Amino acid sequence: MTKLIDGKQVANDLKVQIASSVKKLIALGITPGIAVILVGDDPASQIYVRNKQRAAEKLGIDSEVIHLPATTSEEKVLAKIAALNANPAIDAILVQSPMPAQIDENRIQSAIVPEKDVDGFHPQNVGALFNNAQDYYPMANTPRGIMTLLNEYMPNLVGKKALVIGRSILVGRPMMAMLNNADATVTLAHRHTTNLEQLIADADVIVVAVGKPHFLKMSDVKADAVVIDVGINRLADGTLVGDVLDDMPDSEQLLTPVPGGVGPMTIATLMQTTVELARQHSTI
Ligand SMILES: NC(=O)C1=CN([C@@H]2O[C@H](COP(=O)(O)OP(=O)(O)OC[C@H]3O[C@@H](n4cnc5c(N)ncnc54)[C@H](OP(=O)(O)O)[C@@H]3O)[C@@H](O)[C@H]2O)C=CC1
Ligand SMILES: Nc1nc(=O)c2c([nH]1)NC[C@@H]1CN(c3ccc(C(=O)N[C@@H](CCC(=O)O)C(=O)O)cc3)C=[N+]21
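In the annotation of an unreviewed UniProt entry, the entry for the protein chain reads Bifunctional protein FolD, and the organism field reads Periweissella fabaria. Under the heading Pathway (unreviewed entry), UniProt records this for the protein chain: "One-carbon metabolism; tetrahydrofolate interconversion." Per UniProt, the comment on the protein chain under Subunit (unreviewed entry) is "Homodimer."

As structure tokens, this is what we get:
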């Protein structure tokens, strides 16, 4: 078996720290609050939103889910966001993607005030990340959680060859920026990349966020590589698999499992960002 990175364990350690920060804030009269807007009935989204709500409850963070029908207009979602922007009990706003086709996700994400933009999607926060700004700003939680994992398993990224496969706003693009900010040499691959095999064979760290089962084989990566599998794919028989096929039984390579790798880190990091935003709002 390839050595597995224990995302659940690192996420649990992080949650212990977050719980203690929440306690301190509550003692000062500040309860962090997150609002999640879910439009439509996508079953996977419902599972993730439930996981987020459960994590918030356990940590003492107030959470509110606003579930709107799939036919909701963009104006209605914008009105909800305006109300949450103005609500002092809410520190963090997350609009679950994907959204139904009648809604322009970019318009929605830009409508959230940057100070409550827990996903780090607002252009102001994306800009801060790309400029490696030194003041506080929220950033995308899946890649940030991956940086926390890498800090445990590959602490020195300086000069490392990092390959990110997939360029979504949610994962690939911010991942590229964070690895760049950590002084890795980053390549961002996508559908039109022509030398992917060669890039895979050469990389020290690979983040795969494509959404296709068995997209990457461990036998194609270096013997000392670290592979981060972001993919969440549900097969016809109901099993959950990532984007990586672990075909190297006795190797020393490091790989994040699915489930139990990046997913739990995403949730824990979302809670971490929520608490940071609450602290920012309180001016403590
Ligand atoms: N564990 C977690 O916490 C999270 C998991 N996920 C999961 O990660 C996966 C990716 O999600 P997301 O980032 O939203 O991705 P998207 O579905 O938005 O994008 C997929 C990316 O993969 C690229 N791609 C598709 N086919 C190929 C190919 N043959 N060769 C190279 N690149 C390819 C696309 O390239 P192009 O841009 O050229 O089309 C695109 O950039 C999904 O399974 C999702 O469920 C997502 C977020 C969090
Ligand atoms: N605005 C927005 N922000 C997001 O962060 C966001 C989003 N939209 N849309 C969808 C993706 C996906 N995502 C996941 C969160 C948790 C798990 C998770 O908990 N995974 C568990 C298993 C869950 C299961 O059993 O299905 C694990 O990997 O162990 C997975 C994926 C956040 N996303």
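Text resumes after the structure shown.
Sorry, what's going on with the overall build of the protein chain here?
Within the protein chain, the secondary structure is distributed over nine helices and 13 strands. Projected onto its principal axes, the C-alpha positions of the protein chain cover 50 × 40 × 35 Å. Here the protein chain holds 284 residues, and the buried ones make up 42% of them. For the protein chain, long-range pairs separated by at least 24 residues make up 70% of all intrachain contacts whose partners lie at least 6 apart in sequence.

I'm lost on the nonpolar core in this one. Help?
Generally speaking, a soluble globular protein has its nonpolar side chains buried in company with each other. Counting residues in each nonpolar core, the largest one holds 80 residues, and the members touching the most others are Val164, Ile206, Val208 and Met271. A total of nine residues in this core trace back to one element, the largest contributor, which is helix 9 (residues 262–282). Each of domain 1 (29–113) and domain 2 (141–263) contributes no fewer than three residues to this core. Residues within four places of valine 164 in sequence aside, it is in contact with Gly172, Met175, Met176, Leu179, Val186, Leu188, Ala189 and Val207.

I tried to follow the environment of glutamine 134 on my own but got confused; where do I start?
Looking at the secondary structure, you find glutamine 134 in the loop between helix 5 (123–130) and helix 6 (141–153). C-alpha of glutamine 134 to C-alpha of proline 257: the two residues are 123 residues apart in sequence and 33 Å apart in space.

Help me understand the site of ligand 1 in this model?
Around ligand 1, 23 residues are found, and the nearest of them are Gly166, Ser168, Arg191, Gly211 and Thr266. Ranked by the residues each element gives to the shell around ligand 1, the list is headed by helix 9, at three residues.

Can you walk me through unusual backbone geometry in this structure?
Among all residues except glycine, the phi angle is most often negative; among peptide bonds, the trans geometry is most common. The linkage connecting serine 97 with the following residue, proline 98, adopts the cis geometry, with an omega of 0 degrees. On the secondary structure map, proline 98 appears in the loop between strand 4 (92–95) and helix 4 (105–111). With an omega of -5 degrees, the peptide bond running from valine 258 to proline 259 counts as cis. Here proline 259 is to be found in the loop between strand 13 (254–255) and helix 9. With a phi angle near 60 degrees, histidine 214 is a residue other than glycine that sits in the positive phi range. Position of histidine 214 among the secondary structure elements: in the loop between strand 7 (205–208) and strand 8 (216–217). Assessed through the 14 C-beta atoms surrounding it within 10 Å, histidine 214 is described here as partly exposed.

For this particular structure, what's the right way to read the sheet that holds strand 3 (residues 62–68)?
Strands in a sheet are paired, the pairing made by backbone hydrogen bonds, and the direction either parallel or antiparallel. Strand order in the open sheet made by the three strands is 3-2-4, with parallel pairing throughout. Among the strands making up the open sheet, the edge pair consists of strand 3 and strand 4. When strand polarity is set aside, the average angle formed by the axes of neighbouring strands in this sheet is 15 degrees. In the sheet, strand 2 (residues 33–39) pairs with strand 3 via seven bridges, with the strands oriented parallel. Each residue of the ladder has a partner; that of alanine 35, found in strand 3, is glutamate 64.

It is not clear to me how the site of ligand 2 should be interpreted in this structure. Could you clarify?
In the vicinity of ligand 2, 20 residues are found, and the nearest of them are Tyr48, Ser97, Pro259, Gly263 and Thr266. Counting only elements with at least two residues in the shell around ligand 2, the list comes to helix 2 (43–59), strand 4, helix 6 and helix 9. In terms of residue count, helix 9 provides more of the shell around ligand 2 than any other element does, four residues in total. Class assignment for the residues of the shell around ligand 2 results in 11 nonpolar, eight polar and one charged. A domain split of the shell around ligand 2 shows at least three residues from each of domain 1 (29–113) and domain 2 (141–263).

How do you make sense of the sheet that holds strand 9 (residues 226–229) when you look at a structure like this?
Strand order in the open sheet formed by six strands is 1-13-9-7-5-6, with parallel pairing between adjacent strands. Pairing within the sheet leaves two strands with one partner each, and these edge strands are strand 1 (3–4) and strand 6 (185–189).

Rules of the game
- Residues numbered from 1 in each chain as written.
- Chains lettered and ligands numbered in written order.
- Predicted model: local features only at pLDDT ≥ 70, side-chain atom pairs only at ≥ 80, totals over all residues.
- UniProt positions renumbered as here; feature names shortened; annotations may be inferred.
- Helix = DSSP H or I, 4+ residues; strand = E, 2+ residues; numbered from the N terminus.
- Buried ≥ 20, exposed ≤ 12 C-beta atoms within 10 Å, placed from the backbone.
- Contact = placed C-beta atoms within 7 Å.
- Core = buried A, V, L, I, M, F, W, Y, C linked by C-beta atoms within 7 Å.
- Domains from an automatic or database assignment.
- Near = placed C-beta within 6 Å.
- Pairing = 2+ DSSP bridges.
- Axes fitted to C-alpha atoms, helices over the stretch in contact; angles between N-to-C directions.
- Nonpolar A, V, L, I, M, F, W, Y, C, P; charged D, E, K, R; others polar.

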